[in-house]
Amino acid sequence: MLTAAKILLILVSLSLIVVVVLQSGRSAGLSGAITGGAEQLFGKQKARGIDALLSKLTVILAVLFFVLTISVAYFLPTN
């Protein structure tokens, strides 16, 4: 069970990193480079929808990350 939680923690951590990097910031970082053509093709409303989705996904993954981190630390065997 502990091994599964550790693997899930690693996957959530990597997913959280990817979601944060894809969000557009003040300088429209990596997200602007990837979806720049899509904004011109589909309009600005599509980009705002993607940013809102990434924002909600960041919150969900962050909560999951904290819960998994605390649970792995709590159930970690001490010798």
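Because the structure is predicted, anything quoted here is derived from the model rather than measured.

1. Brief notes about the environment of T69
Thought 1: Within the secondary structure, T69 is located in helix α3 (residues 44-75).
Thought 2: Between the alpha carbons of T69 and K6 there is a distance of 8.5 Å; along the sequence they are 63 residues apart.
Thought 3: Here F65 takes part through its backbone oxygen, which lies 2.7 Å from a polar atom of the side chain of T69.

2. A short note on the UniProt feature "transmembrane region" (unreviewed entry) in the protein chain
Thought 1: Feature annotation in UniProt places "transmembrane region" (unreviewed entry) on residues 57-76, given in this structure's numbering.
Thought 2: Helix and strand shares over residues 57-76 are 95% and 0% respectively, and the end C-alpha atoms of the span are 28 Å apart.

3. Structural notes on the nonpolar core
Thought 1: Core analysis: the largest hydrophobic core is formed by 9 residues, namely A5, L9, V12, L16, V19, L54, L61, L68 and V72.
Thought 2: Contributions of two or more residues to this core are made by α1 (2-22) and α3.
Thought 3: Among the elements that take part in this core, α1 stands out by supplying 5 residues, more than any other.
Thought 4: Apart from residues lying up to four places away in sequence, L54 is in contact with V19, L22 and Q23.

4. As for the environment of F75
Thought 1: You can see F75 is positioned in helix α3.
Thought 2: Distance in space between the C-alpha atoms of F75 and L2 is 7.3 Å, their sequence separation being 73 residues.

Analysis parameters
- Residues numbered from 1 in each chain as written.
- Predicted model: local features only at pLDDT ≥ 70, side-chain atom pairs only at ≥ 80, totals over all residues.
- Heavy atoms only, no water.
- Helix = DSSP H or I, 4+ residues; strand = E, 2+ residues; numbered from the N terminus.
- Polar contact = N/O pair within 3.5 Å; in protein donor to acceptor, adjacent residues only side chain to side chain.
- UniProt positions renumbered as here; feature names shortened; annotations may be inferred.
- Core = buried A, V, L, I, M, F, W, Y, C linked by side-chain atoms within 4.5 Å.
- Buried < 20%, exposed > 50% of the residue type's maximum accessible area, 1.4 Å probe, protein only.
- Contact = heavy atoms within 4.5 Å.

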